[in-house]
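Tertiary structure, described
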Amino acid sequence: MDYLRRTWADIDLDAVVHNYQEMKKCLDPGCLSMAVVKADAYGHGDGYVSRALQKAGVDWFAVSNLNEAVSLRRQGIDKPVLILGFTPPAMADRLAELNVSQTVYSEEYAKALSAQAKKKGVTVDCHIKVDTGMTRIGFYAPNGHECEAAEEIAAACALPGLSCTGIYTHFACADEFQQDSREYTLGQYAVFIQTLEELRRLGITFSLRHCCNSAATMAYPQMHLDMVRLGIVLYGLAPSGECAGMADLRPAMSLYTTVSMVKKLEAGVPVSYGRTYTTEHDRQVVASIAAGYADGYRRNLSNRGRVIVGGEYAPVVGRVCMDQMMIDVTDIPQVQSGDVVTLVGRCGDLAVTLDDFAQWNGTINYEEACLIGRRVPRVYIEDGREAAVIDYVIEAL
């Protein structure tokens, strides 16, 4: 297909669907699935990923904000969509127009959203968010506050213009399996169930109750309730190192670039900004490649990362630049301009993963996936072939 073969990402939609189907095996019949596709589907591209998942049978989608919901609707997603974060109450009519559900996380926010919904003559579908120990947004319920939270939620549910059909919470450490982390997760679940019981006593029930993220879906089947929220696992990445191997996941993203130039250098030559690396011997061969931190290959990987070229690993030498970086190919014969370099992905028996990036950078694979730059074209692979390309730079013109 026609796209700029400078630096690009392959997105394997077959892998995304496989990962969804693997997670479905964990669910009892009747338990719904919600695909979390916020942040442009964790950098994979929300439209193509979401359409593949909708076709595969996903029941709901989750996004961070209203603009992401608009993006899904414009790209053919007609399944229910839940906004997990803040939407200005003045946008109540837009929520109703798009048939998008909004998270309600406090009595104050509920009143503001209700007032705007009433003013504009609409009803907004809502999911109540309960804070059971994440200490982020949500009606505060832990430490004996379940009754208080239930009363506030009941008041919110009674407001005009709001139709509160769902309720959920979010776990803080479901991907950690030390005893204290397990106890904390079980404690969060107990707070959620107790809050639901208090609400039931007040005559308030919900058609959808959900609390499991990717890790909890795998590790705590007793907590699946009516629906689970699948995020990082859809993209073939484990929620944490402790979750590795719990499901047959296939990474969906590979990242490639090209060799721009190859130089044979004598010993003692400084390479890149700051002269943090100097060639170590005569006839050392350094290749410049066409990717940098603006593409998502972080500057932290200077003199630390490695890539695959010519069927071998090659170390990054010198500082990673905005648009370029250098690798040592002395021991890799016949590397030349135009050769493809694997930044993330598999080449034969060799692999570089987003988990490697996360380890080298002291972070998590979620962050690394989201940081792949928007100037990197996404090339979608379906049925083993290139099916579509999105180039955000050109699309924006």
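Located above this text is the structure these notes cover.
Residues numbered from 1 in each chain as written. Predicted model: local features only at pLDDT ≥ 70, side-chain atom pairs only at ≥ 80, totals over all residues. Heavy atoms only, no water.

1. A look at the overall build of the chain
Check the secondary structure of the chain and you find twelve helices and 21 strands. With respect to the three principal axes, the spread of C-alpha positions in the chain is 80 × 50 × 40 Å. Split into buried and exposed, the 397 residues of the chain put 54% on the buried side. Taking all contacts inside the chain whose residues are at least 6 apart in sequence as the whole, residues at least 24 apart take part in 65%. Looking at the chain as shown, the accessible area adds up to about 17300 Å², and 48% of this sits on carbon and sulfur atoms. (Helix = DSSP H or I, 4+ residues; strand = E, 2+ residues; numbered from the N terminus. Buried < 20%, exposed > 50% of the residue type's maximum accessible area, 1.4 Å probe, protein only. Contact = heavy atoms within 4.5 Å. Areas by Shrake-Rupley, 256 points an atom, 1.4 Å probe, with all protein chains shown as cover.)

2. Quick notes on the packing of aromatic side chains
Applying the stated criterion across every chain yields a total of nine aromatic pairs. Ring-pair connections join several aromatic residues into one group, and the members of that group are Tyr3, Trp8 and Tyr256. Across from the ring centre of Tyr313, 3.7 Å away, lies the NZ or CZ of Arg306, which sits over that ring. A cation over an aromatic ring shows up here: Arg374 above the ring of Tyr392, its NZ or CZ 3.8 Å from the ring centre. (Phe/Tyr/Trp six-rings, centres within 6.5 Å; stacked < 30°, edge-to-face > 60°. Lys NZ or Arg CZ within 6 Å of the ring centre and 35° of its normal.)

3. What to know about the pattern of salt bridges
Under the defined criterion, the tally for this structure stands at 13 salt bridges. Between Arg201 and Glu197 there is a salt bridge; the shortest N-O distance is 3.6 Å. Note that Arg201 and Glu197 are positioned in helix H8 (residues 179–201) at a spacing of four residues, about one turn of the helix. Arg201 gets classed as exposed once you look at its relative accessible area, which sits at 55%. Notably, a salt bridge pairs Glu367 with Arg298, separated by 3.9 Å at the nearest N-O pair. (Salt bridge = Lys/Arg side-chain N within 4 Å of Asp/Glu carboxyl O.)

4. Section: unusual backbone geometry
A positive phi angle, near 60°, is found at Asn143, a position not held by glycine. Accessibility expressed as a relative area gives 66% for Asn143, which makes it exposed. If you check the backbone angles, Arg275 has positive phi at about 50° while not being a glycine. Along the chain, the position of Arg275 falls in the loop between strand E12 (270–271) and strand E13 (277–278). Note on Arg275: relative accessible area 65%, which makes it exposed.

5. Some details on helix H3 (residues 46–56)
Taken residue by residue, H3 has Asp46, Gly47, Val49, Ser50, Ala52, Leu53 and Gln54 as its buried positions. Those residues of H3 that are buried are in contact with strand E1 (7–12), helix H1 (13–24), strand E2 (32–36), helix H2 (38–42), strand E3 (60–63) and helix H4 (66–74). Following H3 by one or two positions, Gly57 adopts a phi angle in the positive range, close to 115°.

6. Digging into the packing of helix H7 (residues 146–157) against H8
Where H7 contacts H8, the axes come no closer than 9 Å and their chain directions differ by 55°. In terms of orientation, H7 and H8 fall into the oblique class. When you trace H7 past H8, the crossing you get is right-handed. From H7, Glu146, Cys147, Ala150, Ile153 and Ala154 reach across to H8, where they touch Val191, Gln194, Thr195, Glu198 and Leu199. The residue makeup of the contact of H7 with H8, split by class, is six nonpolar, two polar and two charged. (Axes fitted to C-alpha atoms, helices over the stretch in contact; angles between N-to-C directions. Parallel < 35°, antiparallel > 145°, perpendicular 65-115°, else oblique. Left-handed = near helix turned anticlockwise from the far one by under 90°. Nonpolar A, V, L, I, M, F, W, Y, C, P; charged D, E, K, R; others polar.)

7. A few points about the environment of Leu371
By the element assignment, Leu371 lies in the loop between helix H11 (365–370) and strand E20 (378–382). For Leu371, a relative accessible area of 36% gives the class partly exposed. Sequence spacing of Leu371 and Asp295 is 76 residues, and the spatial spacing of their C-alpha atoms is 7.9 Å. Discounting chain neighbours no more than four positions away, the residues touching Leu371 are Asp295, Gly296 and Arg298.

8. Some words on H4
Inspection of H4 places Leu66, Glu68, Ala69, Val70, Leu72 and Arg73 among the buried residues, and these make up the whole buried set. Looking at the buried residues of H4, the elements they touch are H2, H3, E3, strand E4 (81–83) and helix H5 (92–98). Here H4 starts with a cap whose side-chain oxygen sits 3.1 Å from the backbone nitrogen of Asn67, and that cap is Asn65. Gly76 sits one or two residues past H4 and shows a positive phi near 90°. (Polar contact = N/O pair within 3.5 Å; in protein donor to acceptor, adjacent residues only side chain to side chain.)

9. Concerning the packing of H1 against H3
It is the contact of H1 with H3, at a shortest axis distance of 10 Å, that shows an interaxial angle of 45°. The angle between H1 and H3 places the two elements in the oblique class. Crossing hand, H1 versus H3: right-handed. Across from Leu13, Val16, Val17 and Tyr20 in H1, the residues of H3 making contact are Tyr48, Val49, Ala52, Leu53 and Ala56. Counted by class, the contact of H1 with H3 contains nine nonpolar, no polar and no charged residues.

10. Things to note about a negative patch on the surface
Taken together, the side chains of Glu176, Asp180, Glu183 and Glu242 present a region of like negative charge at the surface. Among the structural elements, Glu183 can be located in helix H8. (Patch = residues over 30% accessible without salt bridge, like charges linked within 9 Å, V, L, I, M, F, W, Y side chains within 5 Å. Lys, Arg positive; Asp, Glu negative; His and termini not counted. Charge placed at Lys NZ, Arg CZ, Asp CG, Glu CD.)

11. A look at the side chain of Thr195
Looking at the secondary structure, you find Thr195 in helix H8. A distance of 2.8 Å separates a polar side-chain atom of Thr195 from the backbone oxygen of Val191. In contact with Thr195, not counting residues within four places along its chain, are Val130, Ala141, Glu146, Ala150 and Ile153.

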